[in-house]
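Each chain is listed here by its residues.
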Amino acid sequence: MRGWMGKFRSLFLFGALTMLLTGCGIENISALKPKGYGSELLFDLMLISIAIMIFVFVIVMAIYAFVLLRYREKKGQEHIVPKQTEGNKALEVIWTVIPIILLLVLAIPTVQATFDLADQSTQGDEGVLTVDVTGNQYWWQFDYADQEISTSQEIYIPTNERVYLNMKASDVIHSFWVPAIAGKMDTIPGENMNTMYLEAYEEGVYEGFCAELCGPSHSLMYFKVIAVSPEEFDQWVEDMQNIDPEETATASEGQELFNNNCMSCHAIGGASAGVGPNLGNFANREKIAGILQPSKENLVDWIVHPDEIKPGNQMPAELVSEEDAAKIADYLLELDHSDVGNDLEMQSVEE
Ligand code: CUA
């Protein structure tokens, strides 16, 4: 860049960087585009702290620039060392008190938000939903104890209602994080149960992550929060309650193979499966195993070689032949017991 453009080079760079960074806020994934109560609270805290930092930066830079210009040595001027000050009480007090005030301005809303996010005052009230969340290597289990249903990888919640989560882990520490709706919370094995709540403002599919290094497939431990209207949510619960594992599927051969090979870990409908995910609404899922596009080919791949797709996971590899896996896939892809939420669009990070 030459001439006048050269002078503005840093401005161009700054502009280009700004354009690039605006791409960071992907809808329904980003904490910078809050779509829920918790994330909005956290976003407001970010704005306050950024505002304070900009305020401090501007004042310091202004004083710095003023001193540079006002007191610089001019041509022909005699070289002098300015008078040295020390132990100026007034100055010491000023630059101690100002940071204290700034920290207080930061601390008050932060402490308020911390208590607000830990509030459980309505848990257990009539009509208030609580979901038990269990983190497993490398999938999430969601048990709706009062409704006597269980699902995995995709948690359904009604919009504009507080949904409490009771959280633990079955193996190692994981961390449940849905940036667009709420903050994150660790799930810990043993007796220690953590709690948080979700409240989504808009219907949508929100991407969730495991935010605690938990093994080789930690980065593949995606899940979704599917927020639907309260009416649709009730419909979903009813659909889930009506799943009958005994009902003979069209792909009956696959069903039999599934029952014989997979049911010791998995379940179809009803309560939680324990070892592996409950697959009652498998065909309604956005993804296979949280990461693969839903297709028969991908499903067969997953059934035969789960170790290659999610290294270190507990599902045994090559338990069935590819031929049998194809039959099982036919059966699993029939399990579309609820069309609630199917119309919701989602953006995804892995695409
Ligand atoms: Cu589970 Cu990282």
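Reading the values: rules and limits
Residues numbered from 1 in each chain as written. Predicted model: local features only at pLDDT ≥ 70, side-chain atom pairs only at ≥ 80, totals over all residues. Heavy atoms only, no water. UniProt positions renumbered as here; feature names shortened; annotations may be inferred. Helix = DSSP H or I, 4+ residues; strand = E, 2+ residues; numbered from the N terminus. Rg over C-alpha atoms; globule rule 2.2 N^0.38 Å. Buried < 20%, exposed > 50% of the residue type's maximum accessible area, 1.4 Å probe, protein only. Contact = heavy atoms within 4.5 Å. Patch = residues over 30% accessible without salt bridge, like charges linked within 9 Å, V, L, I, M, F, W, Y side chains within 5 Å. Areas by Shrake-Rupley, 256 points an atom, 1.4 Å probe, with all protein chains shown as cover. Salt bridge = Lys/Arg side-chain N within 4 Å of Asp/Glu carboxyl O. Lys, Arg positive; Asp, Glu negative; His and termini not counted. Charge placed at Lys NZ, Arg CZ, Asp CG, Glu CD. Core = buried A, V, L, I, M, F, W, Y, C linked by side-chain atoms within 4.5 Å. Axes fitted to C-alpha atoms, helices over the stretch in contact; angles between N-to-C directions. Parallel < 35°, antiparallel > 145°, perpendicular 65-115°, else oblique. Nonpolar A, V, L, I, M, F, W, Y, C, P; charged D, E, K, R; others polar. Pairing = 2+ DSSP bridges.

As annotated in an unreviewed UniProt entry, the chain carries the name Cytochrome c oxidase subunit 2 and comes from Halobacillus trueperi. Under the UniProt heading Sequence similarities (unreviewed entry), the note attached to the chain is "Belongs to the cytochrome c oxidase subunit 2 family." Its UniProt record gives the chain a comment under Function (unreviewed entry), which states: "Subunits I and II form the functional core of the enzyme complex. Electrons originating in cytochrome c are transferred via heme a and Cu(A) to the binuclear center formed by heme a3 and Cu(B)."

Trainee: Explain the overall build of the chain to me, using residue names and the numbers behind them.
Mentor: Along its length, the chain carries nine helices and ten strands. The globule rule puts the C-alpha radius of gyration for 351 residues at 20 Å, and the 28 Å found for the chain is more than 25% above it. Overall, the C-alpha framework of the chain stretches about 100 × 55 × 35 Å when taken along its three principal axes. Relative to its full complement of 351 residues, the chain shows a buried share of 40%. Across the chain, every contact between residues at least 6 apart in sequence was considered, and the portion connecting residues at least 24 apart equals 66%.

Trainee: Any details on the environment of E297? Residues and values, ideally.
Mentor: Position of E297 among the secondary structure elements: in helix 7 (residues 296–304). Taking the relative accessible area as the measure of exposure, E297 reaches 65% and is therefore exposed. Along the primary structure E297 and A329 are separated by 32 residues, whereas in three dimensions their C-alpha atoms are 8.7 Å apart.

Trainee: Could you give an account of a negative patch on the surface, naming the residues involved and the relevant values?
Mentor: Together, E203, E231, D234, E238, D336, D339 and D343 line one region of the surface with negative charge. Position of E231 among the secondary structure elements: in helix 5 (residues 230–241). Judged by its relative accessible area of 58%, E231 falls in the exposed class.

Trainee: Help me get a handle on the nonpolar core, residues and values and all.
Mentor: Counting residues in hydrophobic clusters, the biggest one holds 67 residues, and the most contacted among them are Y144, L165, F176, L198 and L332. Apart from residues lying up to four places away in sequence, L198 is in contact with I157, E161, R162, V163, L165, F176, V178, I181, A182 and V225.

Trainee: Just give me the short version of the packing of helix 3 (residues 37–70) against helix 4 (residues 89–118), but keep the residues and values in it.
Mentor: Axis angle and axis distance: for two packed helices, these are the angle between their axes and the distance between the axes, and together they describe the pair. The geometry of helix 3 relative to helix 4 is characterised by a closest axis approach of 11 Å and an angle of 175° between their N-to-C directions. Judged by the inter-axis angle, helix 3 sits roughly antiparallel to helix 4. Contacts between helix 3 and helix 4 involve Y37, G38, L41, L42, L45, I48, S49, I52, F55 and V56 on the former and, on the latter, L102, V105, L106, P109, T110, A113, D116 and L117. Among the residues making up the contact of helix 3 with helix 4, the classes are represented as 14 nonpolar, three polar and one charged.

Trainee: Account for the pairing of strand 2 (residues 139–144), naming residues and giving values.
Mentor: For strand 2, a buried count of six out of six residues is recorded, marking the element as mostly surrounded by other parts of the structure. Neither face of strand 2 is left uncovered, since the one carrying W139, Q141 and D143 and the one carrying W140, F142 and Y144 both have all their residues buried. With five bridges joining them, strand 1 (residues 130–136) and strand 2 adopt antiparallel strand pairing. If you follow T134 over to strand 2, its bridge partner there is Q141. Linking strand 1 back to strand 2 in an antiparallel pair, the connection comprises two residues. In terms of strand pairing, strand 2 meets strand 3 (residues 149–152) through four bridges, oriented antiparallel. In the strand pairing of strand 3, F142 is matched with T151. Hairpin connection between strand 2 and strand 3: a loop of four residues separates the two successive antiparallel strands, and E148 in this loop has a positive phi of roughly 55°.

Trainee: Before we move on, could you go through the sheet that holds strand 4 (residues 154–158) and cite the residues and values that matter?
Mentor: The strand order 4-10-9-6-7 describes an open sheet built from five strands, whose pairing is mixed. Each edge of the open sheet carries a strand with a single partner, namely strand 4 and strand 7 (184–187). Strand-to-strand twist across the sheet, computed as the mean angle between neighbouring axes with direction ignored, equals 25°. Direction of pairing for strand 9 (residues 204–210) relative to strand 10 (residues 223–228): antiparallel, over a ladder of five bridges. Following the sheet pairing, E207 is matched in strand 10 by K224. The sheet strands contacting helix 5 are strand 4 and strand 10, and the helix crosses strand 4 at an angle near 130°.

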